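One letter stands for each residue in the lines below.
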Amino acid sequence: MLTPNLTVNAEGHLCIGGADTAALAKAHGTPLYVMDETMIRENCRGYQRVIAEEYGGNGLICFASKALSCKELYRIVDSEQLGADVISGGELYTALQAGMPAAKIVMHGNSKSDEELKMALETGVGRIVCDNLPELERLNRIAGALGKTPAIMLRIKPGIDAHTHDFVKTGCIDSKFGFALETGEALDAVRAASAYPNLKLVGIHCHIGSQIFDTEPFAEAARVMVRFMAQIRAALGLTLPELNLGGGPGIKYTEDDDPPAFGSIVRAILAALKAACSELDFPQPFVLFEPGRSIVGGAGLTLYTVMAKKIIPDIRTYVLVDGGMCDNPRYALYHSRYEAVLANKAGDERSERVTVGGKCCESGDLIGEDMPLQPAEPGDILAVLATGVYNYSMASNYNRNPRAEMVMVKDGAARTVVRRESYEDICRNDI
Ligand SMILES: *Cc1c(COP(=O)(O)O)cnc(C)c1O
């Protein structure tokens, strides 16, 4: 199986974290997001352990909210001593509602509204990562009016080309995020930021992309950022105490994927960071990481009911399910690949190749093409694996489909953590 938390029981049913997924589908209905709490906690601990062992614990792991934002997830990561990064007022609100301490929250966004900045200031988030000059100007003004001096970081484009999908690549000069290093824009931004009376510049941030399998671009980003910190010290006499290196470690979506363990990536990053610091005689900064996908991705799956099978001779076989791009838009966005299994026939061989189609009114509403699957019949339960990340968080009400329920599994038992939306929920703001 794709991840070690997946097993097949005596009845031939797929289990996650010890819970029978066919039984979960029956009890909760479909589509259903199922998350494995134990695996989420193990991943949080894995990150914490590396920081403790390789860096004396001088850092903070901030779970990237956009990966999966709901109250229970913040409670879990908070109880594992992680912080969170948020990218909107909505994510910030959810994290605070769940009891995440504001001081452990990092506020991101390349286009934050005045209301969002004000909310970040009033709730006292630990760090605000600023993306552009107009934002610095606005934040300084709003902070002054509120009598606050927030700790800020600047988002830097380090010019690293990580090999991943164009839409999730963020570290190059042609990116909408942050200040470019190679043009001198970043140093100018540091100069500007440090001159504002109501802002306290504490460090710099970069995030080179997502679903990255190579270790080297991460290590290189760390070196580039430390060199830039040394350049800031030389040019402005300013020794910044913090460095945020973002997220990005890739996960296994299909049997063909062979990503390095995130622990080995973080170890390599910290080794590069320490080496660069000692080479430049720069004090080792407090380090932040913002993993999302590698914490929750493999810990989740989605269950659907098979509604129909459509065989188009010599062309393809469609298996049509009761969800689709409304609960998982990633195929439509990136042509992402997934593994699927019939949850109620998981012990059988996946002897067919099918295209899994959703219920939305788009031909591109697919979960995947050319997927190995057990022979499907209407009424079977289809499990799509490794959907713990960028599925629920990207879900929509397209075609006025209610957003699916999410359950959290622990020691074989499941509890609802996000209720299924009702038609009334969908109409709530209609006038
Ligand atoms: C997307 C994002 C992350 C998380 O990336 P993962 O690949 O899910 O680990 C972290 N930080 C920032 C700024 C991001 O935009």
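Quantities reported herein were computed from a predicted structural model and do not represent experimental measurements.

Criteria and thresholds
Residues numbered from 1 in each chain as written. Predicted model: local features only at pLDDT ≥ 70, side-chain atom pairs only at ≥ 80, totals over all residues. Heavy atoms only, no water. Helix = DSSP H or I, 4+ residues; strand = E, 2+ residues; numbered from the N terminus. Rg over C-alpha atoms; globule rule 2.2 N^0.38 Å. Buried < 20%, exposed > 50% of the residue type's maximum accessible area, 1.4 Å probe, protein only. Contact = heavy atoms within 4.5 Å. Areas by Shrake-Rupley, 256 points an atom, 1.4 Å probe, with all protein chains shown as cover. Pairing = 2+ DSSP bridges. Right-handed = clockwise from strand over helix to strand, strands pointing away. Disulfide = S-S within 2.5 Å. Arc of directions from axis to C-beta. Domains from an automatic or database assignment. Buried area = accessible area lost by both parts, 1.4 Å probe. Salt bridge = Lys/Arg side-chain N within 4 Å of Asp/Glu carboxyl O. Polar contact = N/O pair within 3.5 Å; in protein donor to acceptor, adjacent residues only side chain to side chain. Axes fitted to C-alpha atoms, helices over the stretch in contact; angles between N-to-C directions. Parallel < 35°, antiparallel > 145°, perpendicular 65-115°, else oblique. Left-handed = near helix turned anticlockwise from the far one by under 90°. Nonpolar A, V, L, I, M, F, W, Y, C, P; charged D, E, K, R; others polar.

Draft legend 1. Local environment of the overall build of the chain. Per the secondary structure count, the chain includes twelve helices and 21 strands. Relative to its length of 431 residues, the chain is compact, with a C-alpha radius of gyration of 23 Å against a globular reference of 22 Å. The buried share of the chain, reckoned over its 431 residues, is 57%. Summarising the internal contacts of the chain: among those between residues at least 6 apart in sequence, 69% fall at separations of at least 24. Looking at the chain as shown, the accessible area adds up to about 17400 Å², and 50% of this sits on carbon and sulfur atoms.

Draft legend 2. Quick peek at the sheet that holds strand β3 (residues 19–20). Sheet architecture is open: three strands sit in the order β1-β2-β3, paired in antiparallel fashion. In this open sheet, the two edge strands, each paired with only one partner strand, are β1 (6–8) and β3. Strand direction decides the pairing type here: strand β2 (residues 14–16) and β3, joined by two bridges, are antiparallel. Along β3, the bridge assignment pairs Cys15 with Asp20.

Draft legend 3. View of the environment of Met307. Within the secondary structure, Met307 is located in strand β14 (residues 300–312). Measuring from C-alpha to C-alpha, the distance between Met307 and Ala376 comes to 9.8 Å, with 69 residues separating the pair along the chain. Ignoring any residue separated from it by four or fewer positions in sequence, one finds Met307 in contact with Leu320, Val321, Asp322 and Pro378.

Draft legend 4. Looking closely at the pairing of strand β5 (residues 59–64). Of all six residues in β5, six are buried; the element is thus mostly enclosed. Burial along β5 is two-sided: the residues Gly59, Ile61 and Phe63 and Leu60, Cys62 and Ala64 are all buried. Alignment of β5 against strand β13 (residues 286–289), held across three bridges, turns out to be parallel. Counted as the bridge partner of Leu60 is Leu288 from β13. The sheet contact formed by β5 and strand β6 (residues 83–86) spans three bridges and is parallel. Within β6, the residue paired with Ala64 across the bridge is Asp85. Taken together, β5, helix α3 (residues 71–79) and β6 constitute a β-α-β crossover, and its handedness is right-handed.

Draft legend 5. Quick look at the state of the cysteines. Enumeration over the complete set of coordinates arrives at zero disulfides. Considering cysteine sulfurs only, Cys326 is the nearest to Cys427, which forms no disulfide, with 16 Å between them. Residue classification places Cys427 among the partly exposed positions, given a relative accessible area of 40%.

Draft legend 6. Structural view of helix α5 (residues 114–123). Those residues of α5 that sit buried are Glu116, Leu117, Ala120 and Leu121. Projected down its long axis, α5 carries its buried residues within an arc of 135 degrees, all on one side. The elements touched by buried residues of α5 are α4 (89–97), β7 (105–107), β8 (127–130) and α6 (133–146).

Draft legend 7. Examining the domain arrangement of the chain more closely. What the domain assignment reports for the chain is domain 1 (6–30 + 299–427) and domain 2 (37–296). A C-alpha centroid distance of 32 Å is found between domain 1 and domain 2. Tallying the contact residues gives 22 residues for domain 1 and 26 residues for domain 2. Buried area between domain 1 and domain 2, summed over both chains or domains, comes out near 2100 Å², and the portion from carbon and sulfur atoms is 60%. On the domain 1 side of the contact with domain 2, Ala299, Tyr334 and Tyr390 bury the most area, a combined 27% of that side's loss. Applying the counting criterion to the domain 1 and domain 2 interface returns three salt bridges. One salt bridge in this structure joins Glu72 and Arg415, with 2.6 Å as the shortest N-O distance. Taken together, domain 1 and domain 2 are joined by eight residue pairs in polar contact (both at pLDDT 80 or more).

Draft legend 8. Representation of the packing of helix α8 (residues 216–236) against helix α9 (residues 262–280) in the model. Look at α8 against α9: their axes get within 8 Å of each other, and the N-to-C directions meet at 30 degrees. As far as their axial angle goes, α9 and α8 are roughly parallel. Crossing of α8 over α9 shows right-handed handedness. Within the contact between the two elements, α8 uses Phe218, Ala219, Ala222, Arg223, Val226, Arg227, Ala230 and Arg233 and α9 uses Ile265, Ala268, Ile269, Ala272, Leu273, Ala276, Cys277 and Leu280. Classifying every residue of the contact of α8 with α9 by side-chain character gives 13 nonpolar, no polar and three charged.

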